[in-house]
Amino acid sequence: MTFQGSGPLGGGNVSAGGGGGGRMALGGGVGLIVTIVALLFGVNPGQIMGGDPGSAPTGASDQALSEHIANCTIEQANSDDVCRIVATTVSLDRVWGSLMSGYTRPATKIFSGSIATACGAGTSAMGPFYCPGDKTAYFDPAFFAQLKQMGGSDGPLAQEYVVAHEYGHHVENLTGVLAKGQRMGNDGSVRIELQADCLAGVWMSKADEGPDAMLEPITDEQIQTVIASAKAIGDDTITGSSANPESWTHGSAAQRVRWVTTGYSTGDPRRCDTFATDDL
Ligand SMILES: [Zn+2]
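Rules used in this analysis
- Residues numbered from 1 in each chain as written.
- Predicted model: local features only at pLDDT ≥ 70, side-chain atom pairs only at ≥ 80, totals over all residues.
- Heavy atoms only, no water.
- Donors = N, O, S within 2.8 Å, 3.2 Å for Na, K, Ca; no water.
- Helix = DSSP H or I, 4+ residues; strand = E, 2+ residues; numbered from the N terminus.
- Buried < 20%, exposed > 50% of the residue type's maximum accessible area, 1.4 Å probe, protein only.
- Disulfide = S-S within 2.5 Å.
- Phe/Tyr/Trp six-rings, centres within 6.5 Å; stacked < 30°, edge-to-face > 60°.
- Lys, Arg positive; Asp, Glu negative; His and termini not counted.
- Salt bridge = Lys/Arg side-chain N within 4 Å of Asp/Glu carboxyl O.
- Expected span 1.5 Å × (residues − 1).
- Contact = heavy atoms within 4.5 Å.
- Pairing = 2+ DSSP bridges.
- Axes fitted to C-alpha atoms, helices over the stretch in contact; angles between N-to-C directions.
- Parallel < 35°, antiparallel > 145°, perpendicular 65-115°, else oblique.
- Left-handed = near helix turned anticlockwise from the far one by under 90°.
- Nonpolar A, V, L, I, M, F, W, Y, C, P; charged D, E, K, R; others polar.
- Polar contact = N/O pair within 3.5 Å; in protein donor to acceptor, adjacent residues only side chain to side chain.

**Student:** I tried to follow the coordination of the zinc ion on my own but got confused; where do I start?
**Tutor:** Where a metal carries four tetrahedral donors, each ideal angle is 109.5 degrees; where it carries six octahedral donors, the ideal angles are 90 or 180 degrees. In this structure, His165 (NE2), His169 (NE2) and Glu193 (OE) serve as the protein donors to the zinc ion, at separations of 1.9 to 2.1 Å. Mapping the donors of the zinc ion onto the primary sequence gives the spacing H-x3-H-x23-E. Of the two residues, histidine 165 and histidine 169 are both situated in helix α6 (residues 156-175); the distance of four residues between them amounts to about one turn of the helix. No difference in accessibility class separates histidine 165 from histidine 169, as the two residues are buried.

Following this line, the structure appears as structure tokens:
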């Protein structure tokens, strides 16, 4: 259990996506596909699903999911993955709204199967992702179980870290860091991803502070679940090798742990400037 308090969440800015498989923009421009792949949470889709992402089933019960989202309460956020995503986005908007002048909240879509986005077709096999073109974070809650299978954690704070990481990409989009990093190839991608981890850590440090805190005080045990997940999605963990770091797109396990920890221990987004150091 991580959320405190009670009452309705109002759905935040979260909606049900998908269900439009037939209209999906498959075969979109290569540039669009690259954009979306570069922003993956840290997962090589082929290694998780093995199959053809284009054949993934589409969500058939958007209406039920929409109602589920709209009716989420804080109490449910402690037991239900969909409501946990909703509550986390509400907390993230609060924290970033207080940390960043000019902050505007992103949209969040929860889907299963496949979904059309401004960045091209998205599928569950990609893992969670953020599309700068529509300022939207996309989540399939089934990813949490996959992350656990990969050696990560599906504990509540570990799930919230996943959401906070995608919000980190939104913050990067607002600051211009995302566009800057995308012009830099793999090195830029690693810096973008590590900064998103750091910004997720900043959220964790703030989310349990002050009179508006939505999280109960975070425990060391919960932090360990985040670290386990950050390790599980390191490029060297996923490829089983520390060779070819120049091919990495998200950073090593050690780098991901270091940056999420930096964000958490400082609570200061200015400490997340992964572009200003040669020591990632
Ligand atoms: Zn990412």
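Now that the structure is up, let's keep going.
**Student:** Help me understand the state of the cysteines in this model?
**Tutor:** Summed over the entire model, instances satisfying the criterion amount to three disulfides. Shown here is the disulfide that connects cysteine 72 with cysteine 83, its sulfur atoms set 2.0 Å apart. Measuring the twist about the S-S bond at about -80 degrees, one finds the cysteine 72-cysteine 83 disulfide to be left-handed. Residue cysteine 72 is found in the loop between α3 (62-70) and α4 (81-99), and its partner cysteine 83 is found in helix α4; the two are separated by 11 residues along the sequence. Judged by relative accessible area, cysteine 83 falls into the buried class, the value being 0%. Described in terms of the sequence order of its bonded cysteines, the disulfide pattern of the protein is 1-2, 3-4, 5-6.

**Student:** Teacher, can you tell me more about the packing of aromatic side chains here?
**Tutor:** Given two aromatic rings, their pairing is described by the distance between the two centres and the angle made by the two planes. Summed over the entire model, instances satisfying the criterion amount to three aromatic pairs. For the pair phenylalanine 111 and phenylalanine 129, a centre-to-centre distance of 6.4 Å together with 70 degrees between the ring planes defines the contact as edge-to-face. Here phenylalanine 111, found in the loop between β2 (107-110) and β3 (114-117), pairs with phenylalanine 129, found in strand β5 (residues 129-131); they are 18 residues apart in sequence, far enough to count as distant. Their ring planes at 80 degrees and their centres at 6.4 Å tell us that phenylalanine 111 and tyrosine 138 sit as a pair that is edge-to-face. Taken together, the positions of phenylalanine 111 in the loop between β2 and β3 and tyrosine 138 in strand β6 (residues 136-139) put the pair 27 residues apart, joining distant regions of the chain. The exposure class of tyrosine 138 is buried, given its relative accessible area of 1%. Here the aromatic residues Phe111, Phe129 and Tyr138 are joined through ring pairs into a cluster of three or more.

**Student:** Help me understand the side chain of aspartate 235, please; the structure alone is not making it clear to me.
**Tutor:** Within the secondary structure layout, aspartate 235 lies in helix α10 (residues 235-239). Here aspartate 235 is buried and forms no salt bridge, its nearest opposite-charge partner arginine 256 lying at an N-O distance of 6.1 Å.

**Student:** Could you clarify how one ought to interpret the pattern of salt bridges in this entry?
**Tutor:** If the charged atoms of two oppositely charged side chains come close together, the side chains can form a pair. In the structure shown here, the tally under the stated rule is five salt bridges. Put simply, arginine 191 and aspartate 187 hold a salt bridge, and the shortest N to O gap is 3.0 Å. Of this pair, arginine 191 and aspartate 187 both sit in helix α8 (residues 185-207), four residues apart, which is roughly one turn of the helix. Relative accessible area serves as the criterion here: at 10%, arginine 191 is assigned to the buried category.

**Student:** How do you make sense of helix α9 (residues 220-232) when you look at a structure like this?
**Tutor:** Helical geometry note: an α-helix holds 3.6 residues per turn, so side chains three or four residues apart project in the same direction. Here α9 contains 13 residues, and its C-alpha end-to-end distance of 18 Å stays within 8% of the 18 Å for a straight helix at 1.5 Å per residue. Of all the residues in α9, the buried ones are Gln222, Ile223, Thr225, Val226, Ile227, Ser229, Ala230 and Ala232. Buried residues along α9 sit against α5 (143-149), α6, α8, α10 and α11 (253-266).

**Student:** Sorry, what's going on with the pairing of strand β4 (residues 120-123) here?
**Tutor:** Each regular strand displays side chains that alternate between the two surfaces of the sheet. In terms of strand pairing, β3 meets β4 through four bridges, oriented antiparallel. Residue alanine 116 lies in a different strand from β4, and its bridge partner there is alanine 121. Counted between consecutive antiparallel strands, the loop separating β3 from β4 contains two residues.

**Student:** How should I be thinking about unusual backbone geometry in this particular structure?
**Tutor:** Trans peptide bonds make up most of the peptide bonds, and negative phi angles are found at most residues other than glycine. Positioned with a positive phi, lysine 135 is a non-glycine residue whose angle comes to about 45 degrees. On the secondary structure map, lysine 135 appears in the loop between β5 and β6.

**Student:** I would appreciate a short explanation of the packing of α4 against α6 in the present structure.
**Tutor:** How two helices pack is summed up by the angle between their axes together with the distance between the axes. At a minimum axis separation of 9 Å, α4 and α6 run at an interaxial angle of 45 degrees. For the element pair α4 / α6, the angle class is oblique. Of the two elements, α4 crosses α6, and the hand of that crossing is right-handed. Mapping the contact onto sequence places Asp81, Arg84, Ile85, Thr88, Thr89, Leu92, Asp93 and Trp96 in α4 and Pro156, Gln159, Glu160, Val163, Ala164, Tyr167 and Val171 in α6. Partitioning the contact of α4 with α6 into residue classes produces eight nonpolar, three polar and four charged.

**Student:** Mind showing me how you'd approach the side chain of threonine 225 here?
**Tutor:** Within the secondary structure layout, threonine 225 lies in helix α9. A polar atom in the side chain of threonine 225 sits 2.5 Å from the backbone oxygen of glutamine 222. Ignoring anything within four residues of it in the chain, the contact list for threonine 225 reads Ser153, Leu157 and Ala158.

Distances and angles like these do not, on their own, reveal function.
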